[in-house]
Amino acid sequence: MAEQKAAEYLKQKGYRILEHNFYSRYGEIDIIAREGKYLVFVEVKYRTNISHGTPQEAVSYSKQRTICRVANYYCLKRGIQEGTACRFDVVAILGNDVTLFRNAFEYQG
């Protein structure tokens, strides 16, 4: 349900959703979208409260590396040209509040 809410939010912000829940043997990316010239890989994190930290804090370095590996696989599998502008965003949902972190982290190779 959180991913659907995030997708609707992104659409309102002008993103064009390409895929939901792209799986590979390396892991999964919640949402893949286009925003302007960018191919955007989006991680969605939801929390009801901050007793275990904020949603964005749950996107650890390890999780970032996994997302980057899956993004590489996605580009290879879909024939995305090398040099395509890519970005990694996080949508943090805390209760009913949605926050978008554009370019939340750099590529972790």
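Keep in mind it's a predicted model, so treat the numbers as computed, not measured.

### A look at the sheet that holds strand β2 (residues 27–35)
Line of reasoning, step 1. What the five strands build is an open sheet, ordered β1-β2-β3-β4-β5; its pairing is mixed. Edge positions in the sheet fall to β1 (16–24) and β5 (97–101), since each of these pairs with one other strand and no more. Geometrically, the sheet is characterised by an average inter-axis angle of 25 degrees between neighbouring strands, direction not taken into account.
Line of reasoning, step 2. In this sheet, strand β4 (residues 86–94) lies alongside strand β3 (residues 38–47) in parallel orientation, the contact comprising nine bridges. Counted as the bridge partner of Glu43 is Val90 from β4.
Line of reasoning, step 3. Along the sheet face, helix α1 (residues 2–12) touches β1, β2, β3, β4 and β5 and points at about 15 degrees away from the line of β2.
Line of reasoning, step 4. Those strands touched by helix α2 (residues 61–78) are β1, β2, β3 and β4, and its axis lies near 105 degrees from that of β1.

### Overview of unusual backbone geometry
Line of reasoning, step 1. If you check the backbone angles, Asn21 has positive phi at about 50 degrees while not being a glycine.
Line of reasoning, step 2. By the secondary structure assignment, Asn21 is in strand β1.
Line of reasoning, step 3. Classification of Asn21 as partly exposed rests on a relative accessible area of 27%.

Calculation criteria
- Counting restarts for each chain: residues are numbered from 1 in the order of the written sequence.
- The model is predicted, so local features are restricted to residues of pLDDT at least 70 and side-chain atom pairs to those at 80 or more, both for listing and for counting; the totals for chains, interfaces and linings are taken over all residues.
- The side-chain quantities take in all heavy atoms of the structure and omit both hydrogens and water.
- The criterion for strand pairing is that DSSP finds at least two bridges linking the strands in question.
- Going along the chain from the N terminus, every DSSP run of H or I of four or more residues is numbered as a helix, and every run of E of two or more is numbered as a strand.
- What counts as an axis is a line fitted to C-alpha atoms, over the stretch in contact for a helix, and the angles between N-to-C directions run from 0 to 180 degrees.
- Any two residues whose heavy atoms approach within 4.5 Å are treated as being in contact.
- Partly exposed residues are those whose accessible area sits between 20% and 50% of the maximum for their type, while under 20% is buried and over 50% is exposed, using a 1.4 Å probe and protein chains only.

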